[in-house]
Number of protein chains: 2
Amino acid sequence: MAYAHRIKPGTKVSLADFDPDADGGLDKEAGTRRADELGQEFGELEDLLFEAGTHSLLIVLQGIDTSGKDGTIRHLLGYANVQSCRVNSFKVPTPEELAHDFLWRVHAKAPGRGEIAIFNRSHYEDVLVVRVHELVPEPVWSKRYAHIDAWERLLVDSNTIILKFMLLIDKDEQERRLLDREKEVQKAWKLSVGDWKEREFWDRYLEAYEAALTHCTTEDAPWYVVPANKKWFRNLAVTEAVVERLRPYRSGWLERLEAVGAKAKAELEAYRAG
Amino acid sequence: MAYAHRIKPGTKVSLADFDPDADGGLDKEAGTRRADELGQEFGELEDLLFEAGTHSLLIVLQGIDTSGKDGTIRHLLGYANVQSCRVNSFKVPTPEELAHDFLWRVHAKAPGRGEIAIFNRSHYEDVLVVRVHELVPEPVWSKRYAHIDAWERLLVDSNTIILKFMLLIDKDEQERRLLDREKEVQKAWKLSVGDWKEREFWDRYLEAYEAALTHCTTEDAPWYVVPANKKWFRNLAVTEAVVERLRPYRSGWLERLEAVGAKAKAELEAYRAG
């Protein structure tokens, strides 16, 4: 069963259709165990992806403040090979980045073959925060959906496997998490008046997300809506989606590794035979 | 009069329609003088582009071996401000570059606002040499025309002024230039058996160029065919085309500089008034 909701291309997305509180009928213990099993499988598939060197994997994580992007990355990285896996956090653009088109800085961080890149926020901020706060005029951001589609198609045509996750929490859950931060000393660095100010734009963010998910979902670069009120379920849903996308490549990667190994062995034998 | 032939979008390009020997009815002396005048104007416009900081300029230079890309760059750079002008030569891709989509390495070198980038060879090699020598299968390179159009549109939407020049020489002129290289000691570093081997693919290169010019010409990112048998005429034609594209921006850049200056002055006066 798929716990994350994969958007079908051509669907007009309404986030009200999804329950941020969903748990797939599992309790926390069973869900955490399953997430761990899938994490192990992710680690094995990721090793194959790295060794075969024929494909790249791009995981985009988006979600409103406190939705759990950092926690999701920690879960996935717990099973990943650091050598081939890179996390890129896209913050407020620098002057040099702003002097370029909005895809320039993300393109530079696209994963090479054999590599995994996780984007903690991404080019989608240029149709999310930028749209909500009108940082550029509508005629500029409205063209970006097509630019994103074309760019992601470019990556797909270069053997990049793309998954884009929108971590969905509700407004009450966000309030709980923000208040929790104030209580815990080790979360104080995350405190920001800005977070509370941004809450006032909640509905406009949802609207911007719906537009991005509607316009930028393709068969090969789909969005997944992830119920994320429960952290253990969020980890389970994301990991499952990643594993299910990678699994079909397994046999091809193994075949390639066997062929490469056979060639190396033959060369070694020829060398030894003098 | 326009000496370079700007391709109209939607035209099926046949290079046989252009005379590589054209001289615009000028002699070398008059042509060289005019190229110098236009070069001066290019330098002024380029200063304004840099100071206004609202636009980027991308000049793509393509042409068969010995067609004069280096010489054209030397001519233009003679009038340009080094601080804002960068030449990028795209050679045989490195393993890291090959591990990415074909636009990854060029996107990283796209000019920021206020900057000029000259591409000495470019992403077009991925539909030229790559197509001629079948370095990737047809289903891969055939998709690249659309990717190029989308990427160039992205730059244009981010205020990049794009000019793409195909320097056209004929096969006899190439032979003369290759033989000249063998005679001159200071040109010996350019000698390569490969150049003579590539001549055997002359017709296939022309065919690949015609496809690129046909598929990737848009109103805002046009190709220009430049008669390049005569070096002085080639310099004149390229410089003229660049100046004619930049000239319409002049008044807007000046207005912006005036506005910025007036603001700075007002701030300074407010500061002094205490």
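Data block above holds the structure.
No experiment lies behind these values; they were computed from the predicted model shown.

K.L.:
Can you lay out the overall build of chain A for me, pointing to particular residues and giving the numbers?
P.N.:
When helices and strands are tallied, chain A shows 12 helices and six strands. In terms of overall size, chain A behaves like a compact globule, its C-alpha atoms giving a radius of gyration of 20 Å where 274 residues would be expected to give roughly 19 Å. With respect to the principal axes defined by its C-alpha atoms, chain A has extents near 75 × 45 × 40 Å. Long-range pairs, those at least 24 residues apart, make up 82% of the contacts in chain A between residues at least 6 apart in sequence.

K.L.:
Would you mind going over the packing of aromatic side chains in detail, with residue names and values included?
P.N.:
Residues and elements named next belong to chain A. In total, this model carries 14 aromatic pairs over all chains according to the counting rule given. Measuring from centroid to centroid gives 5.4 Å for Y249 and W253, while their planes differ by 15°, and the two rings are stacked. An aromatic cluster of at least three residues, connected via ring pairs, comprises Y3, W232 and F233. Sitting above the plane of the F102 ring, R144 keeps its charged end 4.7 Å from the centroid.

K.L.:
Describe helix α1 (residues 28-52) of chain B, and please don't skip the residues or the numbers.
P.N.:
Since one α-helical turn is 3.6 residues long, residues separated by three or four positions face the same way. Residue and element names in this part refer to chain B. Between the first and last C-alpha of α1 there are 36 Å, a value that for 25 residues agrees with the 36 Å anticipated at 1.5 Å per step. Buried within α1 we find G31, A35, L38, G39, E41, F42, G43, L45, E46, L48, L49 and A52. At its buried positions, α1 is contacted by β2 (56-63), α2 (69-77), β3 (85-89), β4 (116-120), α11 (231-246) and α12 (250-272). A positive phi of about 65° marks G53, the residue just after α1.

K.L.:
Pulling in residues and values, what's your account of the relation of the copies chain A and chain B?
P.N.:
Of the transformation superimposing chain A on chain B, the axial component is 0.0 Å and the angular component is 180°, with the fit at an RMSD of 0.0 Å. As the rotation angle and translation indicate, the two copies are arranged about a two-fold axis. Looking at chain A, 100% of its interface residues are interface residues in chain B too, so the copies touch through the same face.

K.L.:
Describe the pairing of strand β6 (residues 223-227) of chain B, with residues and values.
P.N.:
All names here are of chain B. Of all five residues in β6, five are buried, a share of seventy percent or more. Side chains W223, V225 and P227 of β6 all project onto a buried face; the interleaved residues Y224 and V226 project onto the opposite face, where all are buried too. Where strand β1 (residues 5-6) and β6 come together, two bridges link them in antiparallel fashion. Of the residues in β6, the one forming a bridge with R6 is Y224. The sheet contact formed by strand β5 (residues 160-168) and β6 spans five bridges and is parallel. Bridge pairing in β6 places F165 opposite Y224.

K.L.:
Describe the side chain of B:H75, and please don't skip the residues or the numbers.
P.N.:
Here B:H75 lies in helix α2. With sequence-adjacent residues up to four places away left out, B:H75 is seen in contact with B:A35, B:N235 and B:T239.

K.L.:
Give a description of the interface of chain A and chain B that names residues and reports values.
P.N.:
Counting residues at the interface gives 22 residues for chain A, matched by 22 residues for chain B. Here chain A meets chain B over a buried area of about 1800 Å², counting both sides, of which 54% is carbon and sulfur. In terms of surface lost to chain B, no three residues of chain A exceed A:D101, A:H107 and A:L154, which account for 28% of the buried area on that side. One can count two salt bridges joining chain A with chain B. With a closest N to O distance of 3.3 Å, B:K143 and A:D157 form a salt bridge. Put simply, chain A and chain B have 21 residue pairs in polar contact (both at pLDDT 80 or more) between them. Of all the elements in the fold, those that place two or more residues in the side of chain A that touches chain B are α4 (104-107) and α7 (144-157) of chain A.

K.L.:
Report on the sheet that holds strand β3 (residues 85-89) of chain A, specifying residues and quantitative values.
P.N.:
Strands sit in the order β1-β6-β5-β2-β4-β3 (chain A) across an open sheet of six strands; the sheet is mixed. The open sheet has two edge strands, β1 (5-6) and β3 of chain A, and neither has a second partner.

K.L.:
Just give me the short version of the sheet that holds β5(B), but keep the residues and values in it.
P.N.:
Residues and elements named next belong to chain B. Strand order in the open sheet formed by six strands is β1-β6-β5-β2-β4-β3, with mixed pairing between adjacent strands. Pairing within the sheet leaves two strands with one partner each, and these edge strands are β1 and β3. Pairing of β3 with β4, which is carried by five bridges, proceeds in the parallel orientation. Paired with V87 across the strands is I118, a residue of β4. Most of the contacts of α11 go to β5, to which it runs at about 165°, and overall it touches β1, β2, β5 and β6.

Basis of the calculations
Within every chain, residues take consecutive numbers counted from 1 along the sequence as written. A letter from A marks each chain and a number from 1 marks each ligand, given out in the order of writing. Totals for whole chains, interfaces and linings use all residues, but because this is a predicted model, local features are given only for residues with pLDDT of at least 70 and pairs of side-chain atoms are given and counted only at 80 or more. Excluded from the side-chain calculation are hydrogens and water; included are all heavy atoms of the structure. Put simply, DSSP marks the helices as runs of H or I at least four residues long and the strands as runs of E at least two long, and each gets a number from the N terminus on. Note on method: radius of gyration uses C-alpha positions; expected globular size equals 2.2 Å times residues raised to 0.38. The contact rule is simple, with two residues in contact once any of their heavy atoms fall within 4.5 Å. Two rings from Phe, Tyr or Trp (for Trp, the six-membered ring) form a pair when their centres sit within 6.5 Å of each other. Planes less than 30 degrees apart are called stacked, planes more than 60 degrees apart edge-to-face, and all others tilted. Only when the NZ atom of a Lys or the CZ atom of an Arg is both within 6 Å of the ring centre and within 35 degrees of the ring normal do we say a charge sits over the ring. Helix span, expected: 1.5 Å multiplied by one less than the number of residues in the helix. Only protein chains enter the accessibility calculation, which uses a 1.4 Å probe. A residue is then buried if its area is under 20% of the maximum for its type, exposed if over 50%, and partly exposed in between. When the copies are superposed, the least-squares fit takes in the C-alpha atoms of residues with a pLDDT of at least 70 in both. Strands pair, by our definition, only if DSSP identifies at least two bridges between them. Summed over both partners, the accessible surface that disappears when two parts come together, traced with a 1.4 Å probe, is what is meant by buried area. Counted as salt bridges are all cases of a side-chain nitrogen of Lys or Arg within 4 Å of a carboxyl oxygen of Asp or Glu. Contacts described as polar in this section are N or O atom pairs within 3.5 Å, which, within protein, must combine one atom able to donate a hydrogen with one able to accept it, while residues neighboring in sequence count only if both atoms come from side chains. An axis is simply a line fitted to the C-alpha atoms; with a helix, the fit covers only the stretch in contact. Between two such axes, the angle follows the N-to-C directions and lies from 0 to 180 degrees.

It is worth stressing that arrangement in space is one thing and function is another; only the former is reported here.
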